[in-house]
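Listed here are the chains, written in short residue letters.
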Amino acid sequence: MVNETAHESSSSMVNYLSFFVNGKKVIEHNVEPEWTLLWFLRNKLGLTGSKLGCGEGGCGACTVLVSQCVDPDSGHIEHRTVNGCLALVCSVDGCHVITVEGLGSVSKSNLHPIQSRLAEMFGSQCGFCTPGIIMSLYGTITSLPNSSSLTMHDIEESLDGNLCRCTGYRPILDAAKTFAKDINQLPCKKSSTSKITSTTFDKCHSFVEKNPSSLSQVEFPQELLHYIPQSIYIKGSLIEWYRPVTLSELLHLRHTYPGSASKLVFGNTEVQIETKFKRLKYPRLIAVTHVKELKEMQRTANSLILGAGVTLTQLQSKLVEWNDEKIDGGICQSLIDQLKYFASTQIRNVASLGGNVVNASPISDLNPVLQAANTELELRRTKDNSVRFVSMHEFFLSYRRIAMTDDEVLVAVHIPLPKPSTKYFLRAYKQARRRDDDIGIVSAGLQVQVEPVKSEVNQWRIVSARFSFGGMGPTTVMAINTQKELIGQLWTKTVIVKACQSALKELPLDEMTPGGQPEYRRTLLQSFMFKFYLYVCTKLRPSFVDEVDLSAVYPYDRPVSHGQQIIPERSESQKVVGTSLPHRSSYLQTTGEAKYTDDMPSLPGTLHAALVLSTQPHARIKNIDIGAASHVPGFVTFVNHQDVPGRNDTGDMVQDEEVFISSIVQCVGAIIGIVVCETEAAAYTAAGLIQIEYELLTPTILTIEDAIQQESFIGDEQRLRQGNPEKALAEAEHTLTGTLFIGGQEHFYLETNCCMAIPSNDDHELTLYSSTQNPSKTQELTALALGIDSNRVTCRIKRMGGAFGGKESRSITPCVATAVAAVKVGRPVRLNMERDIDMCVTGQRHPFKIDYNIGFTSEGRFSALDVRLWNNAGCSFDLSMNVMVRAMLHIDNTYQFHNVQVRGRVCKTNLPSNTAFRGFGGPQALLACETIVEHVAAHLKLDPFVVRRLNLYQEGDLTHFAQPLERWNIPRLFDELVKSSDFIERQKSVETFNKLNTYRKRGITILTTKFGIAFTAKFFNQAAALVHIYKDGSVLLTHGGTEMGQGLHTKMIAIAAEALGCDVNKVHISDTSTDKVANTSPTAASVSSDLNGMAIQNACEQIRQRLDAIRARDSNSHLSWEDIVKRAYFERVDLCAHGFYSAPDIIGADFVNNRASYNYFTQGAAVSEVELDTLTGDWHLLRADILMDVGTSLNPQIDIGQIEGAFIQGLGLFTMEELIYGDYTQHKWTKPGALFTRGPSTYKIPSFSDVPLDMRVSLLSDAPNPLAIYSSKAIGEPPLFLGASAFFALKHACIAYREQQGLSDYFTLHSPATVERLRMACADEFTQRACPKEHETFQARGSY
Ligand SMILES: Cc1cc2nc3c(=O)[nH]c(=O)nc-3n(C[C@H](O)[C@H](O)[C@H](O)COP(=O)(O)OP(=O)(O)OC[C@H]3O[C@@H](n4cnc5c(N)ncnc54)[C@H](O)[C@@H]3O)c2cc1C
Ligand code: FES
Ligand code: FES
């Protein structure tokens, strides 16, 4: 009966969608309500410019602009950037959707200035993030009533929902700021020498001069100006979609479909996560987006009434309009503060206030503020036409359970305003792992009302208090007892300290707390209360608070960031090489026309694959049941080890892995099989239905410590010695020992692994399109698994959306598995690994444990070093031994230790196999080395700067692997940087700052680095290239390297043009393909420019010589390139050449003879200065100065891009990015062996607001390198370690605070220095209460 009523009403509803995309009308009758907007754009409209980076609203790659006329009378159009991966296509009915393709296109030569500037200012490397960033920026400009009112500040804030893993953000910000009206205020010195380039200033200004008065915008369709929303009902094959437009209609629908029969949805930011990741199923979605009654916002004399259906952006602007502390006691300001760091612009643009409240997340940001403000919720339902008000305090019953009946709808929240006569204060606090787009670890809304006792002597009595917290329990919780105890007490520090103790008792947390970090959370709770105490004091009477304590009161006000790049004069003898040629794909990337593997169209008959993964870390597979999966419509087959026609054994260096696990799984995330279906959605559904029965095995070894205890190692211990370390240690004036742990790092390339396998059944051939750094290995291992020769398999790769080592070996097995599936079914199969799967399957940077014993003199000169390194390899060999070897070879960094012993062991654990990552073990060893330096300096009470300078290697010194240091520029880099960064003066200012501020501390550090260039596996140091010149003079170049954003193809094209003597625009690279260049080495170890560049030069010179011979015979010496090529053809001269290069004099790593060699070392230095909030661990990088020796740069701007990108990636590695695996000791709250941090919501890479406020990069002048192509140096990996300068600067900030607390002993700071580790290192009375027994030595838990 009930259902009939609903259908009756649904019959009068519109049952199709109507909207516009890039100006073209779309009418969609056959829509499935679960389709996301992104899926629709990419798969139905073929608009592949918008990318799928994460599918959870965390990366911004899918950003599009949605515009809608919200008031047909005034014609007011609202523009919102949204995450296409979260928005459902049903939500855009009546809207105009603009994608990156709508702005401009290379083929039509009509690029929007945002697109061209980003390309020309090197704001795009791999380009995968670029369309999303373009759309965010376009949205910011469009949504302002007047684009010329845009400020740099607006721009910095508007990019909070976009991530870029390549650029380090500075060039993107520069390009974006050219649209700001206040660009002239960029605090950047104009260079005095004309030859020096200061990009930020000069280049930005050259664009600004060209700015039109208003920027071109895509026209809003006239038809939509008159759009009147109507009720919609869409019947999909799995679910139904309703969009009511009145409250009574909504209440009626909810009454008809109560409880789990329907799900209300507004922004879908939470519901999409539930359906996609938690696999919850809702039969009906009821969109509450168009119900007028939910959209009202008003301020009465007594309260603020906020409709549940306002977006957070709408709420934000209304609150700014209302904000008046005299009226609301800080309610508006607190909500504004919380909204500033609530998710991202894209999320706030669609997410609703009601959604946040009803979502009932224990870590909600808004609910603590609403609870502290004593908010009431207005709930309505059709039955009895009832309205009910529930206090927020009583609303949250238990984890995600709320006091709302099955058919109720939240209509509005009512926040009472304080009485004008009272002294009422409300503040909001939040601390997250990262400032931008991160959910709080603890958030708080703190409110107090006081009355004067003797206000002239600052005596105030507490009348009432409401302290509400997120992250301190299974719901948003209030410290009820604490609040009661406070009533009647005086507002003093003693009382607040007691309140902290009481709240800790009331809100206990233990090691099983979901999310972990109980000690940090307990500390934050107190820090917030203390900050609130001081805040109220300053409000009651400014002089109430000591000036040095004011640093605790207000958050850091982050100014606009800026940068500067200094490039030395270049040699005039080269025409192309050495110029800053823009990245060859940059325009295509900014228009979204650049195609990545997943953007390629499918051939007819293509099937889709989804991986079936192990859920146990160590177990025997007893049974696989595909029954339920095989009933999914579109299911084709399940593929496992029995389907492998050749060898199931696989692996990069050693074949100790299986393509599909045949019996014993060694980690969570091991590939057991592949489900192949007609559609991607069916494949995911079916994969989730495969039932696997396991017999659990022991032991389960997860950490380095476990492996050491169980003696679970891969290979033998590696040893390297120089001198007599035992004797030198015994004779040293001082010795120190210590241990350092360094966590792993997820590559977080924006494009996840994907591939397409196309079998050709007539000739037993297979073509693979794979996003891989290693085409030849992919070809070889695929052929092995298929039992065919390598000449039948071709692996092709156009470009990758970032890789960083993550696609060197771990991309291969999923690709081989897909190939096996394609051969089994005889049809093309494609696999696109979603972010969470990719993170679980493909391994990460190796965590390390490093023990050291250092001997040194009283002046700080090193005499001996004995180090032991262990890395966590995970469950297979992969590249772990090579990573260990590089770590052992980099333990000296730039210092002479004289007598050295290094031992390395590779630990085998039940985790996914860890793998290559930019730096390849080097950064971990370098961090240990610098930790040793700091330890020695602390012990001798010397400035680490002095110890560093004293121990630097000098020209000609031998490293600990007996390689002489030639063209050694480190002392010069160190001294030049000290001067150019004003290091000594700034050190003094830091000291002064620290004396004047109790709760904010600054730190400054200088570091140097050297990085060995060559593969340590000698045979890899070779490359080949193929050059074809066609009759029209165009050149097709193919080489063995792959393009992942690093600009390799751009550099190679420049080398070819230089060597051939032709125009650079004549040279083209199509792709990398194993049928053109065979036996390629992986594009890795930073050497690809060196090796492939030499091979290209070799090929081009062969042709050049042939052409020169023709020129010599011709009296007309001014023949054009085209003419000479034509002449050569008619003279039957070969216009093709194959080039080859093998690096000479490389011995690789020969530990038996205690020696190794690199081709040369890339060198650099950096200074970082930071400011730390010691009460929370929040910090800002105030300034970073980098001076890098890149030899004679092949392309200065691309090299600067590599330097900045690597620096920020290093910053992430050492300060922010924390992988958490469940285990038996550290993270008991999550499943052992399973990766908890498997998406951008939990794993935080640096974002736009982590860029240094002042970033200065210079390339060292006069530093030629005769050992590499055109005297250049490799640059991909070496600068990454320089990000550690911020790690040590932060450590110094902690030291300053600890000393103030009377703690002068050395302490170890393990990596990464997360906000948690930093706060807990700042041991004080708060940490003491949070962890009484160990607060001075407390170490936050980690996954190592
Ligand atoms: C990338 C990302 C970042 C995030 N960051 C944060 C953050 O920093 N802080 C934070 O607190 N949260 C964060 N969230 C959580 C989420 O965005 C918010 O809770 C948001 O406010 C939900 O609003 P919505 O309109 O999208 O809700 P939806 O997903 O549409 O709905 C959420 C829930 O509310 C219910 N609902 C919605 N409207 C009503 C109504 N009127 N009456 C009754 N029930 C209703 C729905 O049925 C559903 O159960 C984040 C989410 C994502 C995906
Ligand atoms: S793909 Fe949508 S935010 Fe990452
Ligand atoms: S250019 Fe931004 S992720 Fe690669």
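This text gives an overview of the structure that appears in the document.

Parameters at a glance
- Residues numbered from 1 in each chain as written.
- Chains lettered and ligands numbered in written order.
- Predicted model: local features only at pLDDT ≥ 70, side-chain atom pairs only at ≥ 80, totals over all residues.
- Heavy atoms only, no water.
- Axes fitted to C-alpha atoms, helices over the stretch in contact; angles between N-to-C directions.
- Helix = DSSP H or I, 4+ residues; strand = E, 2+ residues; numbered from the N terminus.
- Parallel < 35°, antiparallel > 145°, perpendicular 65-115°, else oblique.
- Left-handed = near helix turned anticlockwise from the far one by under 90°.
- Contact = heavy atoms within 4.5 Å.
- Nonpolar A, V, L, I, M, F, W, Y, C, P; charged D, E, K, R; others polar.
- Phe/Tyr/Trp six-rings, centres within 6.5 Å; stacked < 30°, edge-to-face > 60°.
- Buried < 20%, exposed > 50% of the residue type's maximum accessible area, 1.4 Å probe, protein only.
- Lys NZ or Arg CZ within 6 Å of the ring centre and 35° of its normal.
- Pairing = 2+ DSSP bridges.
- Core = buried A, V, L, I, M, F, W, Y, C linked by side-chain atoms within 4.5 Å.
- Arc of directions from axis to C-beta.

## What about the packing of helix H34 (residues 1048–1060) against helix H35 (residues 1088–1113)?
Right, so step 1: Following both chains from N to C, one finds H34 and H35 inclined at 25°, their axes separated by 9 Å at the closest point. Taken together, H34 and H35 sit at an angle that is classed as roughly parallel. Crossing handedness for the pair H34 and H35: right-handed. Contacts between H34 and H35 pair Leu1048, Lys1051, Met1052, Ile1055, Ala1056, Glu1058, Ala1059 and Leu1060 from the former with Ser1088, Ser1089, Asn1092, Gly1093, Ile1096, Gln1097, Cys1100, Ile1103 and Arg1104 from the latter.
Right, so step 2: In terms of residue class, the contact of H34 with H35 is built from nine nonpolar, five polar and three charged.

## Some words on the packing of aromatic side chains
Ring pairs (aromatic) are described by centroid distance and by the angle formed between their planes.
Right, so step 1: Tallied over the entire structure, the rule returns 34 aromatic pairs.
Right, so step 2: With 5.0 Å between their ring centres and 80° between their planes, Phe1287 and Phe1288 make a pair best called edge-to-face. For the pair formed by Phe1287 and Phe1288, the shared burial category is buried.
Right, so step 3: Through a chain of ring-to-ring contacts, the aromatic side chains of Phe467, Trp491, Phe530, Phe532, Tyr533, Tyr999, Tyr1297 and Phe1326 assemble into a single cluster.
Right, so step 4: The lysine or arginine in question, Lys807, covers the ring of Tyr749, its NZ or CZ lying 4.5 Å from the ring centre.

## Comments concerning the sheet that holds strand E18 (residues 442–454)
Right, so step 1: Pairing is antiparallel across the open sheet formed by four strands, whose spatial order is E17-E18-E19-E20. Of all strands in the sheet, those bounded by a partner on one side alone are strand E17 (423–431) and strand E20 (477–478).
Right, so step 2: Bridge count for E18 against strand E19 (residues 459–470) is 11 bridges, and the pairing is antiparallel. Counterpart to Ala444 in the pairing with E19 is Phe469.

## Quick look at the sheet that holds strand E8 (residues 263–265)
Right, so step 1: Overall, mixed pairing links the four strands, which are arranged E6-E7-E9-E8 in an open sheet. Of all the strands in the sheet, just strand E6 (232–235) and E8 have a single pairing partner and so form its edges. Ignoring which end each strand starts from, the neighbouring axes of this sheet average 20° apart.
Right, so step 2: As paired elements, E6 and strand E7 (residues 240–243) share four bridges and run antiparallel to each other. Paired with Tyr233 across the bridge in E7 is Tyr242.

## Here we look at the nonpolar core
Right, so step 1: Counting residues in each nonpolar core, the largest one holds 214 residues, and the members touching the most others are Phe469, Trp491, Phe532, Ile854 and Leu869.
Right, so step 2: Of the residues forming this core, the biggest block, 13 residues, is contributed by helix H20 (residues 518–540).
Right, so step 3: If near-sequence neighbours (up to four positions away) are discounted, Leu869 is found in contact with Phe848, Lys849, Ile850, Met884, Ala887, Met888, Val902, Arg903, Gly904, Arg905 and Ala925.
Right, so step 4: Counting 56 residues, the second largest nonpolar core, distinct from the first, contains Cys126, Ile141, Leu173 and Tyr749.

## Considering helix H31 (residues 944–951)
Right, so step 1: All of the buried residues along H31 are Pro944, Phe945, Val947, Arg948 and Asn951. Axial view of H31: buried residues confined to an arc of 165°, hence all on one face.
Right, so step 2: Lining the buried residues of H31 we find strand E37 (862–874), helix H30 (922–940), helix H32 (970–980), helix H33 (983–996), strand E39 (1000–1013) and helix H38 (1284–1300).

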